[in-house]
Amino acid sequence: MKKTFYLFRYISWIAIIGSLLGSLLLFVVGALKTINAFRVVLFDYIPKDKAHLHTADIATTYLIKSLDTFLIALVLFIFAHGVYTLFISNKKFDDGNGVLKWIRTPNIGHLKNVLAEVIVIILFVKFLEVVFVNIDNLKWELIILPASIVLLALGLKFLSLNKEGTEK
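Since this is a predicted model, take the numbers as computed values, not measurements.

A.B. asks: Got a sec to walk through the overall build of the protein chain? Specific residues and values, please.
C.D. replies: Looking only at helices and strands, the protein chain has five helices and zero strands in total. Listing each helix as α and each strand as β along the protein chain from the N terminus yields α-α-α-α-α. Of all 168 residues assigned to the protein chain, the portion counted as buried reaches 30%. Restricting the contact set of the protein chain to residue pairs at least 6 apart, pairs at least 24 apart contribute 69%. Of the roughly 11600 Å² of accessible surface on the protein chain, 71% is carried by carbon and sulfur atoms.

A.B. asks: Can you lay out the confidence of the model for the protein chain for me, pointing to particular residues and giving the numbers?
C.D. replies: Averaged over all residues, the pLDDT of the protein chain equals 81, while 85% of them reach at least 70. Taking the mean pLDDT of every element in the protein chain, the minimum, 79, falls on helix H1 (residues 2–8) and the maximum, 95, on helix H2 (residues 13–43).

A.B. asks: Any details on the packing of aromatic side chains? Residues and values, ideally.
C.D. replies: The geometry of two aromatic rings is summed up by the distance between their centres and the angle between their planes. Throughout the structure, instances matching the rule amount to two aromatic pairs. Seen from their ring centres, Phe-27 and Phe-70 are 6.0 Å apart, and the 35 degrees between their planes marks the pair as tilted. Placement of the pair is Phe-27 in helix H2 and Phe-70 in helix H3 (residues 55–88), with a sequence separation of 43 residues. Phe-27 sits in the partly exposed class, given a relative accessible area of 32%. Overall, the relative accessible area of 25% leaves Phe-70 in the partly exposed class.

A.B. asks: Break down the side chain of Thr-69 for me, with residues and values.
C.D. replies: The topology assignment puts Thr-69 in helix H3. With a relative accessible area of 6%, Thr-69 lands in the buried category. A polar contact of 2.9 Å, which involves the side chain of Thr-69, links it to the side chain of Lys-33. In this structure the side chain of Thr-69 is engaged in a polar contact, spanning 2.9 Å, whose partner is the backbone oxygen of Lys-65. Setting aside chain neighbours within four positions, we find Thr-69 in contact with Leu-26, Val-29, Gly-30 and Lys-33.

A.B. asks: Quick rundown of unusual backbone geometry? Include the residues and the values.
C.D. replies: Trans is the prevailing form of peptide bonds, just as negative phi is the prevailing case for residues other than glycine. Non-glycine residue Asp-44 carries a positive phi angle of around 55 degrees. With respect to the helices, strands and loops of the structure, Asp-44 is situated in the loop between H2 and H3. Under the relative-accessibility criterion, Asp-44 is labelled exposed at 57%.

A.B. asks: Please set out the UniProt feature "transmembrane region" (unreviewed entry) in the protein chain residue by residue, giving values where relevant.
C.D. replies: This chain's UniProt record puts "transmembrane region" (unreviewed entry) on residues 7–32, 70–89, 110–128 and 140–159. Taken end to end, residues 7–32 is 85% helix and 0% strand, and its two terminal C-alpha atoms sit 40 Å from one another. With 100% helix and 0% strand, residues 110–128 has end C-alpha atoms that lie 27 Å from one another.

About the cut-offs
- Residues numbered from 1 in each chain as written.
- Predicted model: local features only at pLDDT ≥ 70, side-chain atom pairs only at ≥ 80, totals over all residues.
- Heavy atoms only, no water.
- Helix = DSSP H or I, 4+ residues; strand = E, 2+ residues; numbered from the N terminus.
- Buried < 20%, exposed > 50% of the residue type's maximum accessible area, 1.4 Å probe, protein only.
- Contact = heavy atoms within 4.5 Å.
- Areas by Shrake-Rupley, 256 points an atom, 1.4 Å probe, with all protein chains shown as cover.
- pLDDT = per-residue confidence, 0-100.
- Phe/Tyr/Trp six-rings, centres within 6.5 Å; stacked < 30°, edge-to-face > 60°.
- Polar contact = N/O pair within 3.5 Å; in protein donor to acceptor, adjacent residues only side chain to side chain.
- UniProt positions renumbered as here; feature names shortened; annotations may be inferred.

Below, the structure written as structure tokens:
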């Protein structure tokens, strides 16, 4: 039975390859959004739905959206690396392998912790984008997003999923 589970772990390649491809796609999409910011500033490209905003505000909006896209791409990359480390690779970490310390995945709790932290940051960036675009038309319903971010951050702090990563 052990041998069956050992062989079955290779099905995780589906998650690894899918996450890496999704990450690559989002890096391209993020780059295109950054290029749109340059188009706005250098070539006066103004989308019809944003005609009411100043050129600098439109460019900033595109850059915030690209930041959000890049963060999600990094989440997919970190997830792919973590799944590979946990399910495929049998090697223990050594200091000479060139892997950054923050991306090392000693256990599933550490992977969940890193992903949850990045998700909180993504939600914060999304809130920043919504506030920036709608600065003249803010409504009370918008308070749901920062309240959710605070609750998620507190839940993450109290869960303490990263038991092993406490060394300084």
